[in-house]
Amino acid sequence: MTPPASPVLVTGATGNTGQAVVQALARRGVPVRAMVRAEADRGKLPAGVEVAVADFDDPASIAAALRGAGRAYLVTPSSERAEAQQRRFADLAVQAGVGHLVVLSQLGADEQSPVRFLRYHAAVERHIRDLGARYTFLRPNLFFQGLLAFAGTIAADSRFFAPIGDATISAVDVRDIAAVAAAALTEAGHDGATYTVTGPAPITHADIAAALTSALGRDITFVDVPPDAFAESLQGILPPWQIQGLLEDYAHYRRGEAASVSPAVAEITGRPPTDVIRFARDYAQAFAA
């Protein structure tokens with residue numbers, strides 16, 4: 001009898017990309033071990049998925065979650081500890097004999113970047129390379145699903161805000177990121193690769209508003225706001241370090257540094273990436289009044 005394949009450990013299994021990766025692997029019939037922070041999260045996962053409750057700040061729980069896993073998908077919640085958490089996870093994964101790490105990074109990752117998130121992602125990439133681990137780095141652009149943070153405002157006021165002006169950005173659907181991740185976790189030929197993962201075209205936030213207008217059947221407006229006003233609107237909602245990080249991200253977008261289009265989704269999955277029209281149609285209910 002052939003022994004069962006080692007499970008793929010998916011961290012952040014109820015988050016934006018992690019949940020989509022779990023679903024993509026399950027569709028492939030791959031054994032999945034979903035890492036979550038609380039037992040209550042079990043109900044958010046597909047039936048039949050193994051669950052490991054662990055905390056990135058608890059090395060023993062991470063080591064237990066990694067035990068017996070053949071490969072792992074690594075993403076951590078946004079926090080000031082993310083870089084340290086990801087470095088520690090990679091160390092523990094190598095110690096556990098995990099054969100391959102697929103790591104969610106970010107488009108433009110660079111240790112010299114003025115954007116703190118891009119610096120930390122690049123530092124994690126370097127640490128994993130220095131460990132000698134087998135890896136695939138995914139560097140996606142801005143997620144379409146990030147717009148869900150504005151769902152309440154769009155539903156109530158038919159508007160959303162950002163300090164980005166008319167800059168274009170090749171935003172990407174998390175389902176496409178997950179499809180690339182699932183391929184890297186289950187197929188040969190991805191060791192040592194770094195994939196920039198984008199949508200099919202550079203678009204403005206006004207283009208996003210137009211797609212939502214079409215999908216919802218009512219006018220949705222994008223409002224460009226100054227960075228200071230955007231930061232003020234987030235006071236008391238996000239911690240100061242995260243607000244500053246978002247301002248750095250948006251400045252990066254305004255400089256035109258996230259407009260390029262990559263062929264990675266089509267080349268790896270065999271289908272074109274999801275465009276903003278399809279995203280808006282698929283998620284219309286989330287923005288409905």
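Higher on the page you've got the structure.
On to the side chain of T274. The topology assignment puts T274 in the loop between α10 (264-269) and α11 (276-282). Contacts of T274, omitting those with residues within four sequence positions, involve F144, D173, R175, D176, P200 and F279.

Strand pairing in a sheet relies on backbone hydrogen bonds. The paired strands run either parallel or antiparallel. Spatial ordering of the open sheet is given by β3-β2-β1-β4-β5-β6-β8, a layout of seven strands whose pairing is parallel. This sheet does not close on itself; its edge strands, each paired only once, are β3 (50-53) and β8 (193-197). Pairs of neighbouring strands in the sheet enclose a mean axial angle of 20°, with direction left out of account. Seen against the sheet, helix α2 (residues 59-66) touches β1 (8-10), β2 (32-36) and β3 and runs at an angle of roughly 165° to β2.

Evaluation of the coordinates by the stated rule reveals 17 salt bridges. Here D57 ties to R81 by a salt bridge, and the two come within 3.0 Å at their closest N and O atoms. Pair noted here: D57 is in the loop between β3 and α2 and R81 is in the loop between β4 (71-74) and α3 (82-95), with a separation of 24 residues, a long-range link. By relative accessible area, which is 38% here, D57 ends up partly exposed. For the salt bridge of R175 with D282, the shortest nitrogen-to-oxygen distance reads 2.9 Å. With R175 in helix α6 (residues 174-186) and D282 in helix α11, this residue pair connects regions lying 107 residues apart in the sequence. Given a relative accessible area of 30%, R175 falls into the partly exposed group. When salt bridges with common partners are traced through the structure, they connect D173, R175, R278 and D282 into a single cluster.

Turning next to the environment of A20. Along the chain, A20 falls in helix α1 (residues 16-27). In contact with A20, not counting residues within four places along its chain, are V174 and A178.

Cut-offs applied
- Residues numbered from 1 in each chain as written.
- Predicted model: local features only at pLDDT ≥ 70, side-chain atom pairs only at ≥ 80, totals over all residues.
- Heavy atoms only, no water.
- Helix = DSSP H or I, 4+ residues; strand = E, 2+ residues; numbered from the N terminus.
- Contact = heavy atoms within 4.5 Å.
- Pairing = 2+ DSSP bridges.
- Axes fitted to C-alpha atoms, helices over the stretch in contact; angles between N-to-C directions.
- Salt bridge = Lys/Arg side-chain N within 4 Å of Asp/Glu carboxyl O.
- Buried < 20%, exposed > 50% of the residue type's maximum accessible area, 1.4 Å probe, protein only.

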